[in-house]
Amino acid sequence: MTLPKLLLPALGLATTLAAQPSHEMTIDATGDNGQISRHLYGHFAEHLGRGIYDGFWKKDSADQYIIRDDVVAAMKELGVPNLRWPGGCFADYYFWEHGVGPKDERPTVVNNLWGGVTEDNSVGTHEFMDLVAELETEPIVVGNVGSGTVEDMANWWQYLNHPGESPMAKRRAENGREEPWNVRFFGVGNESWGCGGHMRPEFYADLYRQYSTFLHGYGDVSPFRIATGPAGNDYVWTEVLMERAGDRIDGIDLHHYTLDGSWTTHKGQAVNFDEGGWFRLMERAMEMDELLTNHKAIMDTYDPEKRVWLIVGEWGTWHEQEEGSTPGFLYQQNTLRDALTASVTLDIFHQHLDRVKMANIAQTINVLQAMILTDGERMLRTPTYHTFDMYKVHRDAIALPFELDRGEYERDGESLPALSGTASIDAEGRIHLSLTNIDPNQSRTVTVSLGENTLKRVVSGRILTADAMNTHNTFDAPDTLVPQLFSGAKVKKGTLTIELPAKSLVTLELAD
Ligand code: AHR
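Residues numbered from 1 in each chain as written. Predicted model: local features only at pLDDT ≥ 70, side-chain atom pairs only at ≥ 80, totals over all residues. Heavy atoms only, no water.

**Focus on the packing of helix α7 (residues 275–302) against helix α8 (residues 336–350)**
Defined as follows: Only C-alpha atoms enter the line fits that serve as axes; for helices the fit covers just the stretch in contact. Angles between N-to-C directions range over 0 to 180 degrees. Every helix listed is a DSSP run of H or I at least four residues long, and every strand listed is a run of E at least two residues long, numbered separately from the N terminus. Reported orientations rely on four angle classes, namely roughly parallel under 35 degrees, roughly antiparallel over 145, roughly perpendicular from 65 to 115, and oblique for the rest. Left-handed describes a crossing in which the near helix is turned anticlockwise from the far one by less than a right angle; the clockwise case is right-handed. Throughout, a residue-residue contact means that at least one pair of heavy atoms, one from each residue, lies within 4.5 Å. Throughout, the ten residues Ala, Val, Leu, Ile, Met, Phe, Trp, Tyr, Cys and Pro are labelled nonpolar, Asp, Glu, Lys and Arg are labelled charged, and all others, Gly among them, are labelled polar.
The geometry of α7 relative to α8 is characterised by a closest axis approach of 9 Å and an angle of 15 degrees between their N-to-C directions. Relative to α8, the element α7 is oriented roughly parallel. Read as a crossing pair, α7 and α8 show a hand that is right-handed. Within the contact between the two elements, α7 uses G277, W278, L281, M282, A285, M286, M288, D289 and L292 and α8 uses L336, R337, D338, L340, T341, V344, T345, I348 and F349. Split by residue class, the contact of α7 with α8 holds 12 nonpolar, 3 polar and 3 charged.

**What about the sheet that holds strand β20 (residues 419–425)?**
Heads up, the condition is: At least two bridges found by DSSP between two strands is the condition for calling them paired.
Read across the open sheet, the 6 strands follow the order β16-β20-β21-β27-β23-β24; overall the sheet is antiparallel. Two strands close off the open sheet at either side, each with one partner strand: β16 (398–399) and β24 (484–485). Alignment of strand β23 (residues 457–465) against strand β27 (residues 504–511), held across 8 bridges, turns out to be antiparallel. Bridge assignment links I463 to a residue of β27, and that residue is V506.

**Quick look at the packing of aromatic side chains**
Put simply, the rule reads: In this analysis, rings of Phe, Tyr and Trp, with Trp reduced to its six-membered ring, are considered paired at centre separations within 6.5 Å, and the interplanar angle assigns stacked below 30 degrees, edge-to-face beyond 60, and tilted for intermediate values. Relative accessible area decides the class of each residue, using a 1.4 Å probe on protein chains only: under 20% of the type maximum gives buried, over 50% gives exposed, and in between gives partly exposed. Remark: a charge is flagged as sitting over a ring if the NZ atom of Lys or the CZ atom of Arg is within 6 Å of the ring centre and within 35 degrees of the ring normal.
The full count for this structure, using the stated rule, is 22 aromatic pairs. Aromatic side chains W156 and F186 sit 6.1 Å apart centroid to centroid with 85 degrees between the ring planes, which places their arrangement in the edge-to-face category. Here F186 lies in strand β9 (residues 185–188) and W156 lies in helix α3 (residues 150–161), a separation of 30 residues in the sequence. The residues W156 and F186 share a single accessibility class, namely buried. Between F224 and W309 the ring centres are 4.6 Å apart and the planes differ by 55 degrees, which places this aromatic pair in the tilted class. Taken as a pair, F224 in strand β10 (residues 224–231) and W309 in strand β12 (residues 309–316) lie far apart in primary sequence, 85 residues in all. Taken together, the ring pairs connect W85, F90, Y94, W96, F128, W156, W157, Y159, W181 and F186 into an aromatic cluster. When the ring centre of F273 is taken as reference, the NZ or CZ atom of R337 above it lies at 3.6 Å. The ring of Y41 is capped by R395, whose NZ or CZ atom sits 5.8 Å from the centre of that ring.

**Focus on the nonpolar core**
Short version of the rule: In these notes, a set of buried Ala, Val, Leu, Ile, Met, Phe, Trp, Tyr and Cys residues joined through side-chain atoms within 4.5 Å is what counts as a nonpolar core. Marked domain ranges trace back to an automatic or database domain assignment.
F56, L292, V312, W315, F349, I372 and F388 are the most contacted members of the largest nonpolar core, which totals 112 residues. When residues are assigned to domains, this core turns out to be shared by domain 1 (5–33 + 400–511) and domain 2 (40–365), each giving three or more. W315 has contacts with H256, Y257, M288, A342, T345, L346, F349, A359, N360, I361, A362 and F388, leaving out every residue within four places of it along the chain. Counting 23 residues, the second largest nonpolar core, distinct from the first, contains A423, I431, L433 and L450.

**Notes on helix α5 (residues 201–213)**
Inclusion rule: Helix span, expected: 1.5 Å multiplied by one less than the number of residues in the helix.
Compared with an ideal rise of 1.5 Å per residue, which puts 13 residues at 18 Å, α5 spans 18 Å between its outermost C-alpha atoms and is within 8% of the ideal. Buried residues along α5 sit against α3, β9, β10 and α6 (235–245).

**Here we look at the packing of α3 against helix α4 (residues 167–174)**
The geometry of α3 relative to α4 is characterised by a closest axis approach of 8 Å and an angle of 60 degrees between their N-to-C directions. In terms of orientation, α3 and α4 fall into the oblique class. Pair α3 / α4 crosses with right-handed handedness. Every residue of α4 that contacts α3 at N155, Q158, Y159, L160 and N161 is listed here: P167, M168, A169, R171 and R172.

Function cannot be inferred from these measures alone, as they are strictly geometric.
Structure, rendered in structure tokens:
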């Protein structure tokens, strides 16, 4: 029996009562699965395509690059706990000394991997650190192991951080900055198994030991040294690195994108996809759980105290770039599908808090799974931006243990868990619950209890959903897909019932 629209759950999306699956969830409101590190909500800004130039920066009337106020305002609204720079693969084409001093004297460099464009080094260390100050964020600077020397890296570190008399502090002051920037997070190379030098793990482990030795503590700053981590399921990399250099590493930087093969194989379109494309992308995103489980198990052998962080320094969806965009610039649209892969991935991070404490979605503006797209003076917030916005409430909160009957989303004889979620309690005692239904065909009823505590009411709720799987925002219609108020959750006799539409993300604030 199909119900009349008025009786249908939130947003009036079509559904059939008889076919609607029910799920139970029990949240332990007094439990503690660890703090959700704010650094899991980190961002990434590489010199790639229109991420830096024509992204965070634009040219003013005097042809000088200036930071875009609209972009900074949107990102500050979201909150940026950290920002990774200058790459990515570009880190190994980047020589920091080319990016300091008078702009008209800065040498150029060819950005071989990303469109082969000539980088004029207009944005260098000082400019990046100005952006960091405006965003009120914490920088993650990635050094060049693949093509730079130990001296280059050690000097950059000294330039960033030395507080007293030193050759690099003197140079920094001559370039207009007396005070050190006190950078804490430093990447000793990027993807050294690939674009960063095609090294074997044994060789990189030795280089890591060598390079990291010269990153000294200066002033109040002790370096947090991040080693190149594995590509996806390269468990040998993690094993060798932990065995040979684990005692000198603070964080290992795993990268995982939703690619079927490598970045050179066909990746499917961002907007023009069918349900098969929806299913496959969800499946790829969900692989993150297995990767974290297995890499953590290896790390546990060498570091049972869990001192070394497992960082996911690059993650997200990677589609064919938009037709007509510059080759190599990785400019892609972003739909409801991307938004839900983001919520599912954040949920997975929240299940691995014992060691997974930092992550960077790739990348912030105009590149891959971006938060913001720009077109000249215009900008839009992508659906993934809205996922991050709806998940803000979980940052720094305590993850609550829960049991959830996740059900199954079936397609062509394959299946994935239909539901995913996060429950947390913040410092003010507010409980937040996010639930994602990846099933694009069926809405689901979720009945939630708080164990021994009794739920009193739903304080507020927001939902991100749409009729079409590929709904997205355009420059002419930038608010096509934005969170809406959600009225499909009710508390009755201490039990919360949520009518979760097909392909939706809901975040609720609950009072017990
Ligand atoms: O984010 C795009 C690229 O993906 C990065 O430059 C590289 O580190 C990764 O392979």
